[in-house]
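What the coordinates show
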Amino acid sequence: MSDIGKIVIVGASLTGTKAAEALRKEGFDGRIVMFGQETQPPYLRPPLTKDYLRGETELDKVFVHPRAWYEEQRIELHLSTPVRAIEPATREVVLDDEERVTFDRLLIATGAAPRRLHIPGSDLAGVHYLRTLEDADAIRGAATAARRVVVVGGGWIGAEVAASIRQLGLPVVMIADTSVPLERVLGIEVGTVYRDLHAGRGVELVMNQRAVAFLGRSAVEAVETADGARIEGDLVVVGVGAQPRTELADRAGLDVGDGILVDEYLETSMSGIFAAGDVAAAWHPFLGARLRLEHWDNARRQGRVAARNMLGKAEPYARIPYFYSDQYDLGMEYAGHAPSWDRVVFRGEPASSSFVAFWLKDGRVVAGMNANVWKVNDAIAALVGSRQRVAIERIVDPTVPLDDLEALS
Ligand SMILES: Cc1cc2nc3c(=O)[nH]c(=O)nc-3n(C[C@H](O)[C@H](O)[C@H](O)COP(=O)(O)OP(=O)(O)OC[C@H]3O[C@@H](n4cnc5c(N)ncnc54)[C@H](O)[C@@H]3O)c2cc1C
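Read on for an overview of the structure. Small disclaimer: the values here were computed from a predicted structure and weren't measured. (Residues numbered from 1 in each chain as written. Predicted model: local features only at pLDDT ≥ 70, side-chain atom pairs only at ≥ 80, totals over all residues. Heavy atoms only, no water.)

**Thoughts on the overall build of the chain**
The test is simple: In this text, helices come from DSSP runs of H or I with a minimum length of four residues, and strands from runs of E with a minimum of two, each type numbered from the N-terminal end. Each radius of gyration is computed over the set of C-alpha atoms, and the globule rule expresses the reference value as 2.2 Å times the number of residues to the power 0.38. Per-residue accessibility, obtained with a 1.4 Å probe over protein chains only, is compared with the maximum for each type, and a residue is labelled buried under 20%, exposed over 50%, and partly exposed between these values. Method for areas: the Shrake-Rupley scheme with a 1.4 Å probe, in which residue coverage is limited to the protein chains shown. By the counting scheme adopted, Arg and Lys are positive, Glu and Asp are negative, and His together with the chain ends is not counted. A single reference atom marks each charge: NZ on Lys, CZ on Arg, CG on Asp, CD on Glu.
Each helix and strand in the chain was counted, giving 10 helices and 27 strands. Its C-alpha atoms give the chain a radius of gyration of 22 Å, within 12% of the compact-globule value 22 Å for 409 residues. With the principal axes as the frame, the chain shows a C-alpha extent of 65 × 60 × 35 Å. A buried classification covers 54% of the 409 residues belonging to the chain. As presented, the chain carries roughly 17300 Å² of accessible surface, and 48% of it is formed by carbon and sulfur atoms. A distance of 1 Å separates the average location of the 46 positive side-chain charges in the chain from that of its 57 negative side-chain charges.

Right, dumping it as structure tokens:
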């Protein structure tokens, strides 16, 4: 550790903060300098589609730590300070005002940005994207005056925003290019549960359609879909995926694909420079694949592991992926990774909104999701991690404990 006097973190959000926290926990006594482009101290994004968007949570509840914490921990937090370049040869980052800051180790935690739709009318007032606190404030503000809301996209952001805005009492239409919401991650079987949930709460679902134009004079009045339909709405929220913010890494000559390429220790192609969280496409030793995850849990844990590895540990990041979502009164957790599967089976009745779903491939559980069933996610992750073959009739039987791997085979 002795050769490391200063660690620079680019990106002041969850990954960066968890890394800084872990550095101090590990006993690192040198300088930690964190640069963030946003004006607010690091905050949690999940509430931005949920309680914060609905106005049920105060601003100070979404911060990762109170402002004073950074001083107590001697973390030099520079907000509203974008890093313009990384210069690996001289081990410096360059700020907008040309100031150069040296580093011994660097963590890139620049996250992701919403993918934008480039279709006619994209610049109309009333068309929103959601990534930041300011975005959430703007949507919430617009919702107080809106008559009808159109959500473009049936992924996590779209589905959660549709739920929250419905809960605020506004009419909502969701347009998605899949046959059910969340189909790309969860498939038809579980996506159907979400379709029924939203439909039951009064969301109008326009499926298998793409938005091709935003219509209106100065502000949006409607969304046109590929089949020529005109869907009225004076507030539009677009959630069509996110792109990793790799621009600094690209220009610095680091290896980049769909994210900054890092090994299982979260180190980039240049020694001493690490990347973690939404921006990192990390080699996952258990799954034998490169994964870029946009999940809260991944941000927290990769931040910590990157910190320890910057200090010279060699800790592979091999956690089974985990994420969660809350929509209306349906809370869920998901463990695993299922880019493809042969079969989905349920323990419990999906229509009851209280069930566990398993995605199976070659007789093994590759992912599981507990919906309104709690304290089972660790067991699901262990089951995925065991790679053990399971007997379908045992796994769907609620009397067989999920943490008894022997009983499930
Ligand atoms: C609205 C919303 C809801 C979510 N809900 C859930 C959920 O329910 N469950 C779940 O598991 N996950 C959820 N997520 C995902 C989770 O929030 C992200 O995985 C997590 O925020 C990633 O953290 P990060 O620090 O890697 O990146 P980010 O949070 O994107 O932070 C990156 C930071 O780096 C800054 N930055 C970028 N470039 C520079 C630069 N050049 N110089 C300085 N700073 C820079 C950015 O401004 C940003 O502040 C949600 C995400 C969003 C947007």
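**Quick look at the sheet that holds strand β3 (residues 75–78)**
Where we set the bar: Paired strands, in this sense, are two strands between which DSSP finds at least two bridges. To define axes, lines are fitted to C-alpha atoms, for helices over the stretch in contact only, and angles between the resulting N-to-C directions are given on a 0 to 180 degree scale. Two residues qualify as a contact provided that any one of their heavy atoms is within 4.5 Å of a heavy atom in the partner residue.
An order of β3-β2-β1-β7-β20 is seen for the 5 strands of this open sheet, with the pairing classed as parallel. Only two strands of the sheet have a single neighbouring strand rather than two, namely β3 and β20 (273–275). Taken pair by pair, the neighbouring strands of this sheet meet at an average axis angle of 15 degrees, ignoring direction. Relative to strand β2 (residues 31–35), strand β1 (residues 6–10) runs parallel, the two sharing 5 bridges. When the sheet's bridge partners are listed, I9 is paired in β2 with M34. Each of β1, β2, β3 and β7 (105–108) is contacted by helix α1 (residues 14–25), which is oriented at about 175 degrees to β2, the strand it contacts most. The strands touched by helix α7 (residues 296–310) within the sheet are β1, β7 and β20, with β7 carrying the most contacts at an inclination of about 165 degrees.

**Here we look at the sheet that holds strand β9 (residues 127–129)**
Pairing is parallel in the open sheet, where 5 strands are placed in the order β9-β16-β10-β11-β12. Of all strands in the sheet, those with a lone pairing partner are β9 and β12 (204–206), marking the two edges. Looking at each pair of strands side by side, their axes are set apart by 20 degrees on average, direction ignored. Examined bridge by bridge, strand β10 (residues 149–152) and strand β16 (residues 235–238) share 4 bridges and lie parallel to one another. Bridging from a neighbouring strand, V149 pairs with L235 of β16.

**Overview of the nonpolar core**
In plain terms, the rule: Remark: nonpolar core denotes a set of buried residues (Ala, Val, Leu, Ile, Met, Phe, Trp, Tyr, Cys) joined through side-chain atoms within 4.5 Å.
Ranked by internal contacts, the top residues of the largest apolar core, which has 53 residues, are V8, V93, L106, L107 and I108. Residue contacts for I108: discarding those within four places in its chain leaves V10, I86, A249, L254, I260, I273, F274, A275, A276 and V279.

**Quick notes on the site of the ligand**
How we decide: Any residue with a heavy atom lying within 4 Å of a molecule or strand is counted as near it. Polar contact is the term for a pair of N or O atoms within 3.5 Å; when the atoms are in protein, one must be able to donate a hydrogen and the other to accept it, and sequence-neighboring residues count only if both atoms are side-chain atoms. Only Asp, Glu, Lys and Arg are considered charged in this grouping, and only Ala, Val, Leu, Ile, Met, Phe, Trp, Tyr, Cys and Pro are considered nonpolar; every other residue, Gly among them, is considered polar.
Surrounding the ligand, one finds 35 residues, the nearest of these being E38, R45, K50, R131 and D278. For the ligand, an oxygen atom lies 2.5 Å from a polar atom in the side chain of E38. Isolated, the ligand exposes 1000 Å² of accessible area, and the fraction of that covered by the protein chains is 94%. Residue assignment for the shell around the ligand shows that the elements contributing at least two residues are α1, α4 (156–167), α7 and β23 (322–327). Here the residues of the shell around the ligand sort into 16 nonpolar, 11 polar and 8 charged.

**Thoughts on the pattern of salt bridges**
Pairs can form between side chains of opposite charge once their charged atoms are near each other. Rules: Salt bridge, as applied in this entry: a Lys or Arg side-chain nitrogen positioned within 4 Å of an Asp or Glu carboxyl oxygen.
Per the counting criterion, the structure on display carries 27 salt bridges. Across the pair R217 and E221 runs a salt bridge whose closest N-O atoms are separated by 3.8 Å. R217 sits in the exposed class, given a relative accessible area of 75%. Here R292 and E294 are joined by a salt bridge, their closest N and O atoms 2.9 Å apart. Residues participating in the shared-partner salt-bridge network are D297, R300, R301 and R319.

**Things to note about the pairing of strand β14 (residues 222–225)**
When strand β13 (residues 211–215) meets β14, the two strands line up antiparallel, connected through 4 bridges. Residue pairing for β14: A211 is matched across the bridge by T225. Connecting β13 to the next strand, β14, in antiparallel fashion are 6 residues, including G216 with a positive phi near 155 degrees. Two successive antiparallel strands, β14 and strand β15 (residues 230–232), enclose a turn made up of 4 residues, where G228 displays a positive phi of approximately 90 degrees.

**Concerning the packing of aromatic side chains**
Spelled out, the test is: Whether two aromatic rings pair depends on their centres lying within 6.5 Å, for rings of Phe, Tyr and Trp, where Trp uses its six-membered ring; planes under 30 degrees apart make the pair stacked, over 60 edge-to-face, and the rest tilted. Only Lys NZ and Arg CZ are tested; either one counts as a charge over a ring when it is within 6 Å of the ring centre and within 35 degrees of the ring normal.
A full pass over the atoms with the stated rule returns 8 aromatic pairs. Between the aromatic rings of W156 and F323, the centroid separation amounts to 5.1 Å while the plane-to-plane angle is 65 degrees, which identifies the pairing as edge-to-face. Within this pair, whereas W156 is found in helix α4, its partner F323 is found in strand β23, the two being separated by 167 residues in sequence. For the ring pair F346 and F355, a centre distance of 5.5 Å and an interplane angle of 75 degrees mean the geometry is edge-to-face. Given a relative accessible area of 1%, F355 falls into the buried group. Feature note: the residues W156, Y194, F323, Y334, W341 and W359 constitute an aromatic cluster, connected by ring pairs. The ring centre of W296 lies 4.1 Å from the NZ or CZ of R300, which sits over that ring. Its end group placed over the ring of F286, R387 keeps NZ or CZ at 3.9 Å from the ring centre.

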